[in-house]
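Each chain, letter by letter, is given below.
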Amino acid sequence: MSIKDKMWQKQSLDKYLAKDNQFIKSMNAFDLMALGIGAVIGTGIFILPGTVAALKAGPGIMLSFVIAAIVCSLAAMCYAEFSSAMPIAGSAYSYGNVIFGEFIGWILGWALVLEYMLAVAAVSTGFSAYFSSLLQGFGLAIPKVLSGPFDPAHGTYLNIVAVIIVWLITWLLSQGMKQSVRINNIMVIVKISIIVIFLLVGIFYVKPTNWHPFLPFGKIGVLHGASTVFFAYLGFDAVSSSAAEVKNPQRNMPIGIIGTLVIATALYILVSVVLTGMVSFRELDVANPVAFALQKVGQNWTAGIISLGALAGMFTMMVTMIYSSSRLIYSIGRDGLLPKFLGRLQGKNHLPQHSLLLATLIISFLGGLVPLDQLTSLVNIGTLIAFTFVSIGIIPLRKHTEITHNGFHVPWSPILPIISALACIGLMLTLSLETWIASLIWFAIGMVIYFTYGIHHENISD
């Protein structure tokens, strides 16, 4: 078979189902929503509603979240249909191999590797910062040499907390999904409980006069706000990585994905309503708007609880994304595009331990040693590329002769999938030139790996 033929060779869904059948199916719809909410609701819920209200949308930030949720829900419905029709590991990477062919599948897999690993590395450094400030409250401090990335000029050599938390989560995931999901569910409940505490306390301090003017930056401000807060919803796509480990995926996958988006949207809007009602939006351009608002009304004890909520939020996000990273690397190794030992399941729990270890090594290296300030925007472009292809992919999925499914279907197809793809492309065009240049470098590296190793070792065409 020629290289050109190999590039566009499509994988059989039945082969994927047979290979992934070794996974233990242990997750239900609630577990999936907990994974999704764990990824979507992070520290952003304590920061974005305030800073975006102050700088772009005013009290109209609540409308910005509605608009962003509508756009995001289009991609979510497309993911729900794919995961219902194709309950396999690998998310958009595997969907791309079946629907578009090996080359597009690799592009999507490489984009998701970027999204998952860089996102976890960035959040691990945020976790370290919050944890350090928490220790300072008890009069303790982490030695400076172990408090930041490798930067001898500023006296830091390793962000030890970022490394430890990543390896702790990896150890948790290596014990099996049943135990991991149980702890993740508890942490998600703690996180939501803290958000609810803020809402119940804050609502008594709401002054309707703070909502006037409602649109101080005009309608365009609401739209600018929507394009900013859209990225708060990214992470629900990681839920689709778990499809091979889900009971009754035709029913539970759509509930998990769409349920995640509904709950996240409700929480974001409620926090926006209460926050902008407690204090004037003009005062919310601060590092931690929710804690600031609580301190402003004299609720200092509640502000302290918010820090715990932020830590819980970052922990659950890392659980979901490290989990998804390992399943993605497993899927690529399963197809031979990366070394085949990465695509094997080990132990009594039938887990991809090799791929989990590789993901952890890379993430802990990035989080512990590399300054990530200029790289986190790359997470957005990797996600939007995957969203675009998954949205467009609904059209050939419906026509695929080997795939018949009685699960969730995107309504008004192909109109909604096309609108979803166009919306994602539009958002990509709003990203900075630096982000585009960095992403082109990343994909150039991916092309080198694919054409020097992957295409010569793949077993998709076997």
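Everything numeric in this text was worked out from a predicted model, so none of it was measured.

Q: Is there a simple way to explain the overall build of the protein chain in this structure?
A: Helix and strand content of the protein chain: 17 helices and 0 strands. Relative to the 2.2 N^0.38 estimate, which gives 23 Å for 462 residues, the radius of gyration of the protein chain is 22 Å and therefore close to what a compact globule would have. C-alpha atoms of the protein chain, sized along the principal axes, occupy 70 × 55 × 40 Å. Burial analysis of the protein chain (462 residues in total) assigns 58% to the buried set. Sequence separation of at least 24 residues holds for 83% of the intrachain contacts in the protein chain that already meet a minimum separation of 6. With the model as given, the accessible surface of the protein chain reaches about 18100 Å², and the carbon-plus-sulfur share is 70%. Separation between the mean location of the 24 positive side-chain charges and that of the 18 negative ones in the protein chain comes to 7 Å.

Q: Which parts of the structure should I look at to understand the nonpolar core?
A: Within soluble globular proteins, side chains that are nonpolar tend to cluster in buried spots. The biggest cluster of nonpolar side chains holds 142 residues, and the ones touching the most others in it are Met86, Phe198, Tyr233, Phe236 and Phe387. Excluding residues within four positions of it along the chain, Phe198 makes contact with Val271, Val274, Leu275, Met278, Val290, Leu294 and Ile306. Among the nonpolar cores identified, the runner-up in size contains 5 residues, and Phe23, Ala89, Ala244 and Tyr330 belong to it.

Q: When you look at helix α14 (residues 353-369) in this model, what are you seeing that I'm missing?
A: Think of an α-helix as 3.6 residues a turn; residues three or four steps apart then line up on the same face. Over its 17 residues, α14 extends 24 Å from the first C-alpha to the last, a length consistent with the 24 Å expected when each residue adds 1.5 Å. Among the residues making up α14, those that are buried are Ser355, Leu356, Ala359, Thr360, Ile363, Ser364, Leu366, Gly367 and Gly368.

Q: Looking at this model, I keep getting lost on the state of the cysteines. Mind explaining?
A: Here is the idea: a disulfide is a covalent bond, and it sits between the sulfur atoms of two cysteines. Applying the stated criterion across every chain, the model contains 0 disulfides. Here Cys72 is not disulfide-linked; the sulfur of Cys424 is the nearest cysteine sulfur, at 7.8 Å. A relative accessible area of 0% places Cys72 in the buried class. Just so you know, Cys78 is unpaired, no disulfide at all, and the nearest cysteine sulfur is the one on Cys424, 8.5 Å from it.

Q: Looking at this structure, I do not really get the packing of helix α6 (residues 92-99) against helix α15 (residues 378-399). What am I missing?
A: The description of two helices packed together rests on the angle between their axes and the distance between the axes. Relative to each other, α6 and α15 sit at 40°, their axes nearing to 10 Å. With respect to their mutual orientation, α6 and α15 come out oblique. In this structure, α6 meets α15 at a crossing whose hand is left-handed. Each of Ala92, Tyr95 and Ile99 in α6 lies in contact with α15, whose residues at this interface are Ala386, Val390, Gly393, Pro396 and Leu397. For the contact of α6 with α15, a count of residues per class yields 7 nonpolar, 1 polar and no charged.

Parameters and conventions
- Residues numbered from 1 in each chain as written.
- Predicted model: local features only at pLDDT ≥ 70, side-chain atom pairs only at ≥ 80, totals over all residues.
- Heavy atoms only, no water.
- Helix = DSSP H or I, 4+ residues; strand = E, 2+ residues; numbered from the N terminus.
- Rg over C-alpha atoms; globule rule 2.2 N^0.38 Å.
- Buried < 20%, exposed > 50% of the residue type's maximum accessible area, 1.4 Å probe, protein only.
- Contact = heavy atoms within 4.5 Å.
- Areas by Shrake-Rupley, 256 points an atom, 1.4 Å probe, with all protein chains shown as cover.
- Lys, Arg positive; Asp, Glu negative; His and termini not counted.
- Charge placed at Lys NZ, Arg CZ, Asp CG, Glu CD.
- Core = buried A, V, L, I, M, F, W, Y, C linked by side-chain atoms within 4.5 Å.
- Expected span 1.5 Å × (residues − 1).
- Disulfide = S-S within 2.5 Å.
- Axes fitted to C-alpha atoms, helices over the stretch in contact; angles between N-to-C directions.
- Parallel < 35°, antiparallel > 145°, perpendicular 65-115°, else oblique.
- Left-handed = near helix turned anticlockwise from the far one by under 90°.
- Nonpolar A, V, L, I, M, F, W, Y, C, P; charged D, E, K, R; others polar.

Structural measurements only, silent on function.
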